[in-house]
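Next come the chains, spelled out residue by residue.
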Amino acid sequence: MLIQFNFKNYRSFRDEVSLDMTATKISEHPSHVVECGGDKLLSAAAIYGSNASGKSNVYEAFSFMKDYVASSFYFGGNSDRKNQDIPVVTPFLFDKDSRNEPSEFEVFYVDNTDEKERTYQYGFVLSGTEVVEEWLYSKAKTSKKDYRTIFYRKKGEDLETDGLPKKAVANLRNALMKETLIVSLGAKLNIPKLAQVYDWFAKNETIHLLDMGAEFSGVNDLPEGFVENRAVQEDVIRYISSFDESIVDFEIEEIRKSDENVYGKAYVVHTIHKLEDGGYQSILLKNESNGTRKMLALYRPLRYVLDHGGTIFIDEMNDRLHPLLGRNIILTFLNPATNPNHAQIIFTTHDVWQFTNELLRRDELWVTNKDKNGVSTLYSVADFKDEEGNKIRKNGALAKNYLVGSYGGVPELKPLFTMGGDADGK
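Asker: Which parts of the structure should I look at to understand the overall build of the protein?
Answerer: Within the protein one finds eight helices and 18 strands. A compact globule built from 426 residues should have a C-alpha radius of gyration of about 22 Å, and the protein, at 24 Å, falls within 12% of that. C-alpha atoms of the protein, sized along the principal axes, occupy 75 × 65 × 55 Å. Counting contacts in the protein only where the partners sit at least 6 residues apart, residues at least 24 apart contribute 61% of the total. When the accessible surface of the protein is summed, it comes to about 22,200 Å², and 47% of that surface belongs to carbon and sulfur atoms. Here the protein contributes 52 positively and 64 negatively charged side chains, and the mean placements of these two sets differ by 5 Å.

Have a look at this one:
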C-alpha cells in the first residue's frame, strides 16, 4: 500500500508537497482505516481544486514517476530501442532559480505481499534527462531499527550498496547510464530486491479518464483472455450490470484482414441488449455511449489493482460518469468485502457531491490551490485551519463550505463579458 507520495519542483509545484495516505487521529469512518506494515493507512483520496490549480499535476507527477521507473532501462541507447525519446522532466518555470533546479520524486509504501510487511522508501532526482540522485531504503514491520540502506547513488560519488550480491553490483556498475534508474536496470538484470520495487510500480495504474473511452471499441481494449475465456466475459457482464442491466452478453466476431502481411487475429465486439419483448439486439461496441465505453475501459485497470492490491490514480474521474457511478467505484475500494487486498484509489474530480463526510473522511479529502505567483499547494481538509487557527469540524457542511471558498481551491469568478461593449471592446 502507498503510504506517502512526495515530489518537488514539478510543473506548478515549486516546493515539496506530500500526498499522505496515513490515517490521522479523527473518528469518522474507522472502517476506512487499514493496518499494514505497522501503519494505519487509507484506501482512498479525492483531490479537488479549481481549473489550473494543480490537481492534475499531482496525477502527472505520480504518472511520470511510474513511467520513468517502467521504461528508463531503455534510455541511453543500451537496447534495440535506441530511438526511444527520453522524457524530460518539467520543473517549476515561473522563477529563474527553480527552472534550473532538479525535480524530486519519492514514495513510501508497504509491500503487503511480503510476510514481514516491509516498508520501502524509494526516490530519485532528475535534472533534465539525467539521474543525479537515487535511493532505496527498507524496514521490516517488526524491526526496531531505522531504515536500512539497500543502495544510494549520487552524481560524482561512488555507488553505495548494502545486501546486494557482489556480482549484481558489478553488473549494475558496468551497465548503468546517466539516464537510467538503478531499480529499472536491476529489474532487467533479475536482481530480486530491485525487481520487487519495479514490480510494485507495475501493480499501479494511472488513467486520464478525459482521454479514455473515446477510442475504446474493440477486443484489444478488454482484459486478457476475453476472447477465449467465458469466465472473463461473464465477469465483465457482471461488472456492466452494476450500471446497465440491459447489456446481458457479448458477441465476438473474427474479421479477415485485408493485408496478408499483418499477423495475428482481429475481432469486432458487439454488445447484446435484452429487449422488453424478450428479444435481443446486437450493437457494435464502438456505437455504445461514451460513458459506457469509459466504464468498460475502466474494467481492466480496476480489476487488476483490486486483484493485486495496487494503487489506481484517476485524473478527471467525473468526466462523462454519473455521480452515482463514481460513488460506486469509491465504495468498492472502501468496502473490505470488495477490496480484500487493500487496493487504493486516488482521483481528481470536480464532483462536489463526493465532497462529504458521509462518504469520505476529512483526511481522504484533498485540495489544491494556486497563489498569485503560480505556485500550487496541496493539503487535506483534516489539516486545513481557518483564519483563526481552527481545524474543520467533522459535522461541517463540507461541500457547501468548499464551494464558497472556505478551504481554497475554487476560482475567483469575474463577469465573462463587460456589458455595453462590442466585440472589439469599444
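Moving on from the coordinates now.
Asker: Which parts of the structure should I look at to understand the packing of helix α5 (residues 230-241) against helix α6 (residues 290-308)?
Answerer: When two helices pack together, you describe them by how their axes are tilted relative to each other and by the distance separating the axes. Where α5 contacts α6, the two axes come as close as 11 Å, and the packing angle between them is 115°. Here the hand of the crossing between α5 and α6 comes out right-handed. Listed contacts from α6 to Val-232, Asp-235, Val-236, Tyr-239 and Ile-240 of α5 are Met-295, Leu-296, Leu-298, Tyr-299, Leu-302 and Arg-303. Taken together, the residues that form the contact of α5 with α6 break down as nine nonpolar, no polar and two charged.

Asker: When you look at the pattern of salt bridges in this model, what are you seeing that I'm missing?
Answerer: Should their charged atoms come close, side chains of opposite charge can pair. Scanning all chains against the criterion turns up 15 salt bridges. Between Arg-153 and Glu-134 there is a salt bridge, with its nearest N and O atoms 2.8 Å apart. Residue Arg-153 is found in strand β9 (residues 148-154), and its partner Glu-134 is found in strand β8 (residues 130-139); the two are separated by 19 residues along the sequence. Owing to a relative accessible area of 9%, Arg-153 belongs among the buried residues under this scheme. Of the charged contacts in the structure, one is a salt bridge between Arg-303 and Asp-307, with a shortest N-O distance of 3.2 Å. Separated by four residues within a single helix, Arg-303 and Asp-307 lie in helix α6, roughly one turn from each other. Taken together, the salt bridges that share partners define one network made up of Asp-235, Arg-238, Arg-303 and Asp-307.

Asker: Looking at this structure, how should I read α5?
Answerer: Because the α-helix completes a turn every 3.6 residues, residues three or four places apart line up on one side. Here α5 is twelve residues long and its end C-alpha atoms lie 16 Å apart, about the 16 Å a rise of 1.5 Å per residue gives. Every buried residue of α5 is accounted for by Val-232, Gln-233, Asp-235, Val-236, Ile-237, Tyr-239 and Ile-240. Here the buried face of α5 lies against β12 (247-255) and α6. Two or three places before Ala-231, at the opening of α5, Asn-229 has a side-chain oxygen 2.9 Å from that residue's backbone nitrogen.

Conventions used here
- Residues numbered from 1 in each chain as written.
- Predicted model: local features only at pLDDT ≥ 70, side-chain atom pairs only at ≥ 80, totals over all residues.
- Heavy atoms only, no water.
- Helix = DSSP H or I, 4+ residues; strand = E, 2+ residues; numbered from the N terminus.
- Rg over C-alpha atoms; globule rule 2.2 N^0.38 Å.
- Contact = heavy atoms within 4.5 Å.
- Areas by Shrake-Rupley, 256 points an atom, 1.4 Å probe, with all protein chains shown as cover.
- Lys, Arg positive; Asp, Glu negative; His and termini not counted.
- Charge placed at Lys NZ, Arg CZ, Asp CG, Glu CD.
- Axes fitted to C-alpha atoms, helices over the stretch in contact; angles between N-to-C directions.
- Left-handed = near helix turned anticlockwise from the far one by under 90°.
- Nonpolar A, V, L, I, M, F, W, Y, C, P; charged D, E, K, R; others polar.
- Salt bridge = Lys/Arg side-chain N within 4 Å of Asp/Glu carboxyl O.
- Buried < 20%, exposed > 50% of the residue type's maximum accessible area, 1.4 Å probe, protein only.
- Expected span 1.5 Å × (residues − 1).
- Polar contact = N/O pair within 3.5 Å; in protein donor to acceptor, adjacent residues only side chain to side chain.

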